[in-house]
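# Report on the structure
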Amino acid sequence: MLLEAEFWVAVAFVIFMGIAWKAGAFSTMTKGLDGRANRVRHELDEARRLREEAAAVLADYKRRRAEAEKEAESIVAGAREEAARAAEEGHRKLDDFLARRTKAAETKIAQAEAQAEAQVRAAAAEAAVKVSETILRERMQGEAAQGLIRASLGEVRTRMRS
């Protein structure tokens, strides 16, 4: 057993470990590993903090986007309502304008009819007076006849014009 290589490898390993322990290699290795573990833990904490910050920024972005979409929808709805009101007011104004123009045209037509009727009456009265005057002159003679004709013609003229 003393002559076998595995025995001497085990003895050398135990001696090496004893020397390393006495020299403080284990404490140096544990300090190094602890330092590395602390750095990794710190980096993980930093990564977690950055992830939470990114999540907060993302949530803020989503909230702002939702608010912007709602605001855009309200703007569009307001614009549609305003357009509908403007169209309604335009139709109302057009209807009012057409009603006024129609009424004005009807008034002008009525005035023209009344004026034409008055002119026709005046022309008929004038013609009736001339015909009556001619007939009466032919049938009646003298100063009394002339006075009677004038009075009759005056009365006919006033009745025909009214």
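The residue count restarts for each chain, going from 1 along the sequence in the order it is written. Note on the predicted model: pLDDT of at least 70 is required for a residue's local features to be given, and 80 or more for side-chain atom pairs to be given and counted; whole-chain, interface and lining totals, by contrast, use all residues. The basis for every side-chain value is the complete set of heavy atoms in the structure, and neither hydrogens nor water enter the calculation.

Helix and strand labels come from DSSP, where a helix needs a run of H or I of at least four residues and a strand needs a run of E of at least two; each type is numbered from the N terminus. Looking only at helices and strands, the protein chain has 3 helices and 0 strands in total. When the helices and strands of the protein chain are listed from N to C terminus, the series reads α-α-α. Here the protein chain holds 162 residues, and 5% of them are scored as buried. Surface accessibility in these figures is a Shrake-Rupley result with a 1.4 Å probe; residues are shielded only by whichever protein chains are displayed. Element-wise, carbon and sulfur atoms account for 61% of the exposed surface of the protein chain, whose accessible area totals about 14,100 Å². Here the term buried applies to any residue with accessible area under 20% of the maximum for its type, exposed to any over 50%, and partly exposed to those in between, with areas from a 1.4 Å probe on protein chains only.

This part covers the confidence of the model for the protein chain. Confidence in the prediction of the protein chain, expressed as mean pLDDT, is 85, and 87% of residues score 70 or more. Note on scores: pLDDT gives the predictor's confidence for each residue, bounded by 0 and 100. Mean pLDDT in the protein chain bottoms out at helix α3 (residues 143–161), which sits at 69, and peaks at helix α2 (residues 25–139), which reaches 89.

The positions that UniProt labels "transmembrane region" (unreviewed entry) are, in the present scheme, residues 6–26. Within residues 6–26, the helical portion is 95% and the strand portion 0%, while the C-alpha atoms at the span's ends are 25 Å from each other. UniProt positions are given in the numbering used here, feature names are shortened, and annotations may be inferred rather than shown by experiment.

Time to look at helix α1 (residues 5–23). By this rule the span expected of a helix is its residue count minus one, scaled by 1.5 Å. Here α1 contains 19 residues, and its C-alpha end-to-end distance of 27 Å stays within 8% of the 27 Å for a straight helix at 1.5 Å per residue. Once α1 ends, the next one or two residues include Gly 24, with phi positive near 85°.

On to the pattern of salt bridges, then. Each salt bridge in this description consists of a side-chain nitrogen of Lys or Arg and a carboxyl oxygen of Asp or Glu lying within 4 Å of one another. Taken as a whole, this structure holds 12 salt bridges when the rule is applied. Between Asp 45 and Arg 48 there is a salt bridge; the shortest N-O distance is 3.0 Å. In this pair, Asp 45 and Arg 48 both sit in helix α2, 3 residues apart, roughly one turn of the helix. In this structure, Arg 63 and Glu 67 form a salt bridge, with 3.0 Å as the shortest nitrogen-oxygen distance. Highlighted residues: Arg 63 and Glu 67, both in helix α2, separated by 4 residues, approximately one helical turn. Taking relative accessible area as the criterion, Arg 63 reaches 42% and is therefore assigned partly exposed. Exposure remark for Glu 67: the relative accessible area of 42% places this residue in the partly exposed category. Here the salt bridges do not stand alone but share partners, grouping Asp 60, Arg 63, Arg 64 and Glu 67 into one network.

With that settled, consider a nonpolar patch on the surface. Together, Leu 94, Phe 97 and Leu 98 make up an exposed nonpolar region whose accessible area comes to about 270 Å². Here Leu 94 lies in helix α2. Patches draw on residues past 30% relative accessible area with no salt bridge. Two like charges within 9 Å are joined, as are two nonpolar side chains (Val, Leu, Ile, Met, Phe, Trp, Tyr) within 5 Å.

Here a Phe, Tyr or Trp ring, Trp counted by its six-membered ring, pairs with any other such ring whose centre lies within 6.5 Å, and the pair is stacked when the planes are under 30 degrees apart, edge-to-face when over 60, and tilted otherwise. A complete count under the given rule lists 1 aromatic pair for this structure. A centroid spacing of 5.2 Å and a plane angle of 75° characterise the contact between Phe 7 and Trp 8, whose relative ring orientation is edge-to-face.

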